[in-house]
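Read off the chains here:
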Amino acid sequence: MQAEIITIGDEILIGQIVDTNSAWLGEKLNAAGIRIHRITSVSDTARHIEQAVGEALKRSDVVICTGGLGPTKDDITKHTLARMFGMALVRDEAVYEQVRRMTELRHIDFNELNQAQALVPEGCVVLPNRCGTAPGMWFERDGRVLVSLPGVPFEMKALVDEQMLPRLCEHFRFRAIVHRTAITFGMAESILAETIAGWESALPGYLHLAYLPSALCIRLRLSAYEIDREEAEREIGRQFEQLERIIPYGIVGYGDASLESITGDLLRARGATVATAESCTGGNIARRFTALPGTSDYFRGGVVAYSNDVKRSLLGVNGGDLERFGAVSRPVAEQMAEGVRRATGSVYGIATTGVAGPSGGTPDKPVGTVWMAVSGPEGAPDDVRIAAQPEHRAGLVARDQPAPPSPVRSARSRTRYDSVLKARAAKVQRSGRTVRHRIRAREVTRQGCAAFSKLSPVPPPPDGSPRNPNSADLSACAVRTERSSVYGFGRSNRKPTCSRGRCMPVRACCCKSS
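Conventions we followed
Residues numbered from 1 in each chain as written. Predicted model: local features only at pLDDT ≥ 70, side-chain atom pairs only at ≥ 80, totals over all residues. Heavy atoms only, no water. Pairing = 2+ DSSP bridges. Helix = DSSP H or I, 4+ residues; strand = E, 2+ residues; numbered from the N terminus. Axes fitted to C-alpha atoms, helices over the stretch in contact; angles between N-to-C directions. Contact = heavy atoms within 4.5 Å. Parallel < 35°, antiparallel > 145°, perpendicular 65-115°, else oblique. Left-handed = near helix turned anticlockwise from the far one by under 90°. Phe/Tyr/Trp six-rings, centres within 6.5 Å; stacked < 30°, edge-to-face > 60°. Lys NZ or Arg CZ within 6 Å of the ring centre and 35° of its normal. Nonpolar A, V, L, I, M, F, W, Y, C, P; charged D, E, K, R; others polar. 1 Å grid on protein atoms, 1.4 Å probe; cavity = no way out; pocket = protein on both sides within 12 Å on 5 of 7 lines; lining within 4 Å. Points joined across faces, edges and corners; volume = space filled by probe spheres on them.

Novice: So what about the sheet that holds strand 11 (residues 218–227)? Which residues, and what values?
Specialist: Taken together, the four strands give an open sheet; going across it, the order is 10-11-9-12, and neighbouring strands pair in antiparallel fashion. This sheet does not close on itself; its edge strands, each paired only once, are strand 10 (207–213) and strand 12 (251–254). Strand after strand, the sheet turns through a mean of 25 degrees between neighbouring axes, direction not considered. Pairing between strand 9 (residues 176–184) and strand 11: nine bridges, direction antiparallel. Across the sheet, valine 178 pairs through a bridge with alanine 224, a residue of strand 11. On top of the sheet, helix 10 (residues 229–246) reaches strand 9, strand 10, strand 11 and strand 12; it is set at about 15 degrees to strand 9, its chief contact.

And the structure:
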């Protein structure tokens, strides 16, 4: 079963609005077992509408059009479809009465334009629209179905749920389409793909893997099409269990969860709270928390401390440290985190300070330098320190620390995993007393924005080897880049550097030697 979506409207083509209808329809139809294979946008022109609909009906079982059903002269979809199907426009009394009542309730004049909404093609099935004045329309030709829906999103969604989908399920028999998504954090896309290549190659033929990278994480989606739902769900579950054994520190959640929602769930489960003190990020960390429902369970509040005066007066940052080290420094970040934790009575405090640019940078602190600190009852939380270990979070190994044995099952996968770590280790080895980790800027953008996004305990390496000793007193770190935005969303032509051998995953965050 294949379906096609056609969105109609000049406003889409000129970028005045974003086509959210197609994304919502694609998700909804996939869940019902209908696979979308093409989405087309056309202008409010009869010739373009006729051409798009005619071609779609030749190749698809179901064609869904949205838009162009309003009362104004530029809404020509209904007239165009009536002409294509050779149908005259006639008044539907039920629609007429509904439009009359709706205009009366809204104190709108029931004029000729509103009355014309009751005109529908004579041979179509009318789909009543309880949310608006434009009804949906159902056409059939040669066993194929065309559905025309209004473009107003809330009207379209109501018609799909209440009218279109039930009729499609009666008209066709669909086989299941199953999707499940794993959320990975802390591994660059190229490293992740190389690490799980053996697992990916061994997937059954009916399972399809998709990589969905974003600035914060990489989602891995497994899909099965036109197969028994229970069988597909069992196999997908089994495959993700195998994946968890290959990258046990990489998967942080499943489905529609986000890093902030996962963090919130962990804080709620522990009965812990968090507060933020932000300079360069301007409240964005707090915004990401508070955008979620139920955030008051664990988020106590935040301070946007842009000026040094606010850092001193509200957060208790030492004035001498501000003068000596500057606002963008480790001591200041640590004191901001501790200050907001103490002021709000939170279990954890998070702080950011950096050079946002485009001006203000110096040779020692170029634009894009960011310090982030996490404070807990006893300094930096243990789980954050453990999660910050480079060999677990970014595939890096310090010069004086051997790579942990691979947790994978097969010898082939073990060899591949070890080879990745050895290749990364070769890049960080330097002579002298310090080690510099260098990561491609593109990889930095894949790592995520903060160590606090994974607060769950991370187990020690599988062989029981000691944890990174350098992580014991870690509470702040910095990323040094040029022409990269703070909060981890920019890209840079300059590679981050680390000379302390201790890292925190703020974009595979690296620490500047003090």
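That was the structure; now back to the text.
Novice: A description of the packing of helix 3 (residues 46–59) against helix 4 (residues 77–84) should follow, citing residues and the corresponding values.
Specialist: Remark: helix 3 packs on helix 4, axes separated minimally by 10 Å, with the N-to-C direction vectors making an angle of 55 degrees. Between helix 3 and helix 4, the angle is such that the two are oblique. Crossing geometry of helix 3 relative to helix 4 is assigned as right-handed. Residue-level inspection shows Ala46, Ile49, Glu50, Val53 and Gly54 of helix 3 in contact with helix 4, the latter providing Thr77, Thr80, Leu81, Arg83 and Met84.

Novice: Give me the packing of aromatic side chains: which residues, what numbers.
Specialist: Two descriptors summarise a pair of aromatic rings, namely the distance from one centre to the other and the angle between the planes of the rings. Per the counting criterion, the structure on display carries five aromatic pairs. An angle of 70 degrees between the planes, with centres 5.5 Å apart, marks the rings of phenylalanine 240 and tyrosine 254 as edge-to-face. One end of the pair, phenylalanine 240, is in helix 10; the other, tyrosine 254, is in strand 12, and 14 residues separate them in sequence. Ring pairing ties together the aromatic residues Phe289, Tyr298 and Phe299, which thus form one cluster. Note that arginine 35 overlies the ring of tyrosine 225, its terminal NZ or CZ placed 3.7 Å from the centroid. The positively charged end of arginine 180 is found above the aromatic ring belonging to tyrosine 254, 4.3 Å away from the centroid.

Novice: Describe the side chain of threonine 276, with residues and values.
Specialist: Structurally, threonine 276 is set in strand 13 (residues 274–278). The residues touching threonine 276, leaving out its near neighbours within four places in the chain, are Ile285, Ala286, Phe299, Gly301, Gly302, Val303, Val340 and Ile350.

Novice: Help me get a handle on the packing of helix 2 (residues 20–32) against helix 7 (residues 153–171), residues and values and all.
Specialist: Put simply, helix 2 and helix 7 touch, their axes get as near as 11 Å, and they point 20 degrees apart. With respect to helix 7, the axis of helix 2 lies roughly parallel. Between helix 2 and helix 7 the crossing geometry is right-handed. In contact with Thr20, Asn21, Trp24, Leu25, Lys28, Leu29 and Ala32 of helix 2, helix 7 contributes Pro153, Met156, Lys157, Val160, Asp161, Met164 and Leu165. Tallied by class, the residues present in the contact of helix 2 with helix 7 amount to nine nonpolar, two polar and three charged.

Novice: Can you lay out the layout of surface pockets for me, pointing to particular residues and giving the numbers?
Specialist: Taken as a whole, the largest pocket holds about 600 Å³ of empty space. Along the walls of the largest pocket sit 22 residues, with Glu27, His179, Arg180, Thr181 and Arg221 positioned nearest its centre. Along the lines of polarity and charge, the residues of the lining of the largest pocket split into eight nonpolar, six polar and eight charged.

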